[in-house]
Amino acid sequence: MEPSSRNGEANAGAGSVSTWRASDLELEVFARGAEGAERLLVLHDLDYVNGVEYPFTEGLAKRWRVISPSHPGFGGSSLPPSFDSMADLAYVYLDVLRLTGPAHLIGLGFGGWIAAEIAIRCTHDVRSLVLVDALGIKVGDRTTRDIADMFVVSPSELVELSWHDAQRGEHEMPLPVANRGFDEDQLTRLLDNRKTAALLAWNPFMHDPKLRARLARIDCPTLVVWGASDGIVSPLYGRAYARSIPAARFELIGQAGHYPYLEQPAAFLETVEPFLLGVQRA
Amino acid sequence: MKAYFFTEMPYPYVPEEVERAYGSSRVIVPNRYCDPAAAAELYNRYLDEYEYADELGLDLMLNEHHQTLTCMDAAISVSAAALARRTRRAKLVLLGTPLPHRDNPVRVAEEIAMLDCISRGRVVSGFVRGVPTEIHPSNTNPVLNRARFEEAHDLIVKAWTTPEPFTWEGRFWHYRYVNVWPRPYQQPHPPIWITGSSLDNVPWVADHGYVFASFLTPYDWTNSLIDVYKRSCAERGLPEPSADRFAYLALCYTAETDAQAEAEGQALLWYLRRVRHPQFNAPPGYVPPHVQAQTILGGARKGYGDSFETLQEKGIVMVGSPDTMIRRIRTLYERCGIGHLLMMNQAGAMPDQQVRRSLELFAREVYPEIRDLGEQPAHPQTVSSERRSAAFRP
């Protein structure tokens with residue numbers, strides 16, 4: 001994989017966007033923060049493909065170079081024809097890490113699952129791991145649905161499950177439905193993101209039955225952050241996630257659902273930033 | 001024009017308020033609402049109706065759905081097996097086996113080859129993707145639905161036509177030894193029919209020379225699908241496909257008078273008026289995202305909520321006296337050029353006596369008048385059972 005030349009870089013809000021190319025993949029990569037700084041690789045969730053436009057990016061970009069790709073098949077990134085599993089994504093990001101050099105990984109929801117898939121394979125370039133309301137493991141018994149059926153519940157139920165403040169979620173969540181004011185292109189992009197998520201994780205639904213046992217291989221400092229009101233994957237699920245990773249600490253953020261970094265960005269920063277600084281001092 | 005009797009084998013006893021409470025007639029209406037004793041009566045009644053249609057000289061169509069009160073035929077080869085032994089003349093159109101949802105396509109090849117032998121070559125093997133709600137009972141990947149369909153199809157046809165063991169190492173299925181016993185009675189294999197209601201799979205159907213079937217689409221929509229088929233043939237320098245390449249399914253009911261047909265035929269609307277769950281009907285990636293986006297913004301719909309009159313104008317519903325039915329079927333033929341009329345001639349709680357009376361009237365007074373529509377020499381893909389032993393080399 002190669003980043004495109006500097007003249008291929010464009011401004012994206014306060015950051016920049018460039019295209020990184022591998023043989024059959026074009027990866028859209030957003031970046032923000034000083035180029036020489038320590039790097040944070042942010043892996044997005046499935047309904048939010050926000051590049052460096054999260055409420056926490058500005059704060060973290062003061063100390064770190066925040067790099068936030070759109071996953072293959074999401075946003076402006078292509079989907080190679082052979083891709084149909086989370087492992088395919090994990091190997092892309094292991095290549096990205098080899099290029100950027102060691103980075104802290106921050107995985108949000110679905111992106112948290114990708115981060116875990118990366119870390120169980122190799123932590124050589126992973127300085128630390130932050131998992132936020134991550135999907136990907138099986139916790140309950142075989143008749144328990146650990147992960148909400150986000151594609152089957154109604155849009156308003158999905159907001160209820162995902163947000164502590166459902167009224168705000170109703171207003172902000174970019175769902176592919178008629179009454180949100182999206183045009184055809186915008187709807188197509190949102191639906192494409194969901195199509196890729198379904199391709200990668202329909203059955204077993206949003207998890208790999210073998211991942212939990214493999215989490216024991218993760219040997220880097222790990223912080224597991226969870227929204228106290230998350231109805232997609234519960235805080236109990238999050239605690240089980242943290243217990244499965246040897247060096248993990250669990251932190252609950254109040255008044256937040258599946259997206260604590262959107263609902264409580266200040267509390268999120270206050271939790272994540274000291275963890276990252278602690279890792280760097282150690 | 002060939003006519004086929006079809007019922008979805010509905011279970012019409014679930015109160016509407018139950019359906020509304022669950023927001024769906026499929027997938028999640030608890031099966032506690034299905035009384036097995038009532039189901040037993042219904043299965044036997046519906047199979048008796050099929051046998052009666054065979055006696056009347058009609059051909060038969062069967063289908064399959066899962067976890068739904070709209071259709072108790074949950075295993076198409078089971079119902080086809082029951083009819084293969086109890087009917088003597090009719091074609092048995094299985095339309096169809098939902099290929100992407102089957103775990104084992106070789107088993108499908110075996111079942112259909114067996115049915116073809118038991119029925120002495122009366123099987124038509126329809127293959128379908130399955131409606132979107134079928135994704136949930138089988139929990140198969142909606143994005144890979146088409147790819148699974150095509151690989152299963154390729155494997156089944158190869159299993160039917162390869163007279164010795166072969167290996168299959170595909171994307172979805174792996175077998176070290178495929179060697180289906182029996183071979184199909186019809187050689188090289190039973191005719192294949194494919195359904196579709198959007199443009200994306202029609203060229204594939206045309207390329208294979210299969211019969212294309214459209215269900216409950218308005219005339220114009222049906223026409224545009226058939227046009228794509230014809231254009232695909234023209235682009236490949238193939239002869240213009242004849243009417244026997246096209247099938248259409250409508251809700252049909254014949255009675256002594258128009259007034260009686262209008263009154264009794266209303267019962268057919270039961271099928272169209274079931275509660276449709278928006279999310280179960282739109283699993284991600286089942287249709288291309290840009291098409292789904294257009295649908296969200298109010299794109300083309302089949303119009304199942306239309307009035308009885310509008311549904312008749314669109315050709316989705318065809319009811320009437322024998323004379324009216326003859327006229328309606330001629331109109332369908334003139335507008336769309338189809339050669340197979342699939343008559344969903346029973347829906348919901350429509351009573352057995354009405355179904356039988358309707359079929360009798362149709363067979364006696366309508367069918368003789370429409371039979372010749374579009375009749376031409378058989379298409380090369382339609383292999384008659386007389387030729388069955390041509391490829392057999394002991």
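Residues numbered from 1 in each chain as written. Chains lettered and ligands numbered in written order. Predicted model: local features only at pLDDT ≥ 70, side-chain atom pairs only at ≥ 80, totals over all residues.

Details of the overall build of chain B
In step 1: The secondary structure content of chain B amounts to 14 helices and eleven strands.
In step 2: By the compact-globule yardstick of 21 Å for 394 residues, chain B fits well, its C-alpha radius of gyration being 20 Å.
In step 3: Scored against the burial criterion, the 394 residues of chain B give a buried share of 46%.
In step 4: Long-range contacts, defined here as pairs at least 24 residues apart, represent 77% of the contacts in chain B between residues at least 6 apart. (Helix = DSSP H or I, 4+ residues; strand = E, 2+ residues; numbered from the N terminus. Rg over C-alpha atoms; globule rule 2.2 N^0.38 Å. Buried ≥ 20, exposed ≤ 12 C-beta atoms within 10 Å, placed from the backbone. Contact = placed C-beta atoms within 7 Å.)

Considerations on the overall build of chain A
In step 1: Secondary structure summary: chain A contains ten helices and ten strands in total.
In step 2: Over its C-alpha atoms chain A spans a radius of gyration of 17 Å, differing by no more than 12% from the 19 Å that the globule rule assigns to 282 residues.
In step 3: Taken along the three principal axes of its C-alpha coordinates, chain A extends 50 × 45 × 40 Å.
In step 4: In chain A, which comprises 282 residues, the proportion classed as buried is 52%.
In step 5: Taking the intrachain contacts of chain A between residues at least 6 apart in sequence as the baseline, contacts between residues at least 24 apart amount to 67%.

What to know about the environment of V139 of chain A
Residues and elements named next belong to chain A.
In step 1: With respect to the helices, strands and loops of the structure, V139 is situated in the loop between β8 (126-132) and α4 (155-162).
In step 2: Given 19 C-beta atoms within 10 Å, V139 falls into the partly exposed group.
In step 3: A sequence separation of 99 residues divides V139 from G238, and the C-alpha atoms of the two residues are 9.5 Å apart.

Considerations on the nonpolar core
In step 1: Y4, L60, L92 and A250 of chain B are the most contacted members of the largest nonpolar core, which totals 95 residues.
In step 2: Looking at which element gives the most residues to this core, the answer is strand β9 (residues 246-254) of chain B, with eight residues.
In step 3: In this structure L92 of chain B touches L60, L62, A80, L83, A84, S119, R122, V123 and V124 of chain B, once residues within four positions along its chain are discounted.
In step 4: Among the nonpolar cores identified, the runner-up in size contains 81 residues, and W20, L105, A198 and L200 of chain A belong to it. (Core = buried A, V, L, I, M, F, W, Y, C linked by C-beta atoms within 7 Å.)

Some points on the interface of chain A and chain B
In step 1: Listed per partner, the contact involves 19 residues of chain A and 18 residues of chain B.
In step 2: Of the residues assigned to the side of chain A that touches chain B, the class counts are twelve nonpolar, three polar and four charged. (Nonpolar A, V, L, I, M, F, W, Y, C, P; charged D, E, K, R; others polar.)

Here we look at helix α11 (residues 289-296) of chain B
In step 1: For α11 of chain B, the set of buried residues is P289, Q292, A293 and I296 of chain B. One side of α11 of chain B holds all its buried residues, which, seen down the axis, span an arc of 105°.
In step 2: Tucked into the core, α11 of chain B has its buried residues touching α6 (184-201) of chain A.
In step 3: At the exit of α11 of chain B stands G298 of chain B, carrying a positive phi of roughly 100°. (Arc of directions from axis to C-beta.)

With respect to the pairing of strand β6 (residues 65-69) of chain A
Residues and elements named next belong to chain A.
In step 1: Burial analysis of β6 places five of its five residues in the buried class, the great majority of the element.
In step 2: Of the two faces of β6, the one lined by R65, I67 and P69 and the one lined by V66 and S68 are each fully buried.
In step 3: In the sheet, strand β4 (residues 25-32) pairs with β6 via four bridges, with the strands oriented antiparallel. Paired with F30 across the strands is S68, a residue of β6.
In step 4: For strand β5 (residues 39-43) and β6, the ladder comprises three bridges, and the chain directions are parallel. Residue pairing across strands places L41 opposite I67, the latter belonging to β6. (Pairing = 2+ DSSP bridges.)

Describing helix α2 (residues 86-100) of chain A
In step 1: With 15 residues, α2 of chain A should cover 21 Å at 1.5 Å per step; its first-to-last C-alpha distance of 21 Å lies within 8% of that length.
In step 2: G101 of chain A occupies a position one or two residues after α2 of chain A and carries a positive phi of about 85°. (Expected span 1.5 Å × (residues − 1).)

Considerations on the pairing of strand β6 (residues 174-178) of chain B
All names here are of chain B.
In step 1: Counting buried positions along β6 gives zero out of five residues, so the element sits mostly on the surface.
In step 2: The pairing of strand β5 (residues 166-169) with β6 spans three bridges and is classified as antiparallel. Residue W168 lies in a different strand from β6, and its bridge partner there is Y175.
In step 3: Here β5 folds back onto β6, and the loop between the two strands holds four residues.

Digging into the environment of A216 of chain A
Residues and elements named next belong to chain A.
In step 1: Tracing the backbone shows A216 in the loop between α7 (211-214) and β9 (222-227).
In step 2: Residues A216 and P246, 30 residues apart in the sequence, show an inter-C-alpha distance of 6.0 Å.
In step 3: What A216 contacts, discounting residues up to four positions off in sequence, is S244 and P246.

Topic: the packing of α6 of chain A against α11 of chain B
Working note: a packed helix pair is described by the angle between its axes plus the distance between those axes.
In step 1: One can describe the packing of α6 of chain A onto α11 of chain B by two numbers: an axis separation of 8 Å at closest approach and a directional angle of 125°. Regarding the angle of α6 of chain A to α11 of chain B, the classification is oblique. The handedness of the crossing between α6 of chain A and α11 of chain B comes out as right-handed. Along the contact surface, α6 of chain A presents E184, L187, T188, L191, D192 and K195 of chain A, while α11 of chain B presents P289, H290, Q292, A293, Q294 and I296 of chain B. (Axes fitted to C-alpha atoms, helices over the stretch in contact; angles between N-to-C directions. Parallel < 35°, antiparallel > 145°, perpendicular 65-115°, else oblique. Left-handed = near helix turned anticlockwise from the far one by under 90°.)

Details of the confidence of the model for chain B
For residues with low pLDDT, the predicted coordinates do not support detailed interpretation.
In step 1: In the predicted model, chain B carries a mean pLDDT of 94, and the fraction of residues at 70 or more is 95%.
In step 2: Here the prediction assigns the complex a pTM of 0.94, and the interface score ipTM is 0.95. (pLDDT = per-residue confidence, 0-100.)

Side note on unusual backbone geometry
In step 1: Of note, the amide linkage connecting L95 of chain B to G96 of chain B takes the cis form, showing an omega dihedral of -5°.
In step 2: One can find G96 of chain B in strand β3 (residues 92-98).
In step 3: With an omega of 5°, the peptide bond running from Q187 of chain B to P188 of chain B counts as cis.
In step 4: Along the chain, P188 of chain B turns up in the loop between β6 and β7 (192-195).
In step 5: The residue D133 of chain A is not glycine, and still its phi comes out positive at about 45°.
In step 6: Positionally, D133 of chain A belongs in the loop between β8 and α4.

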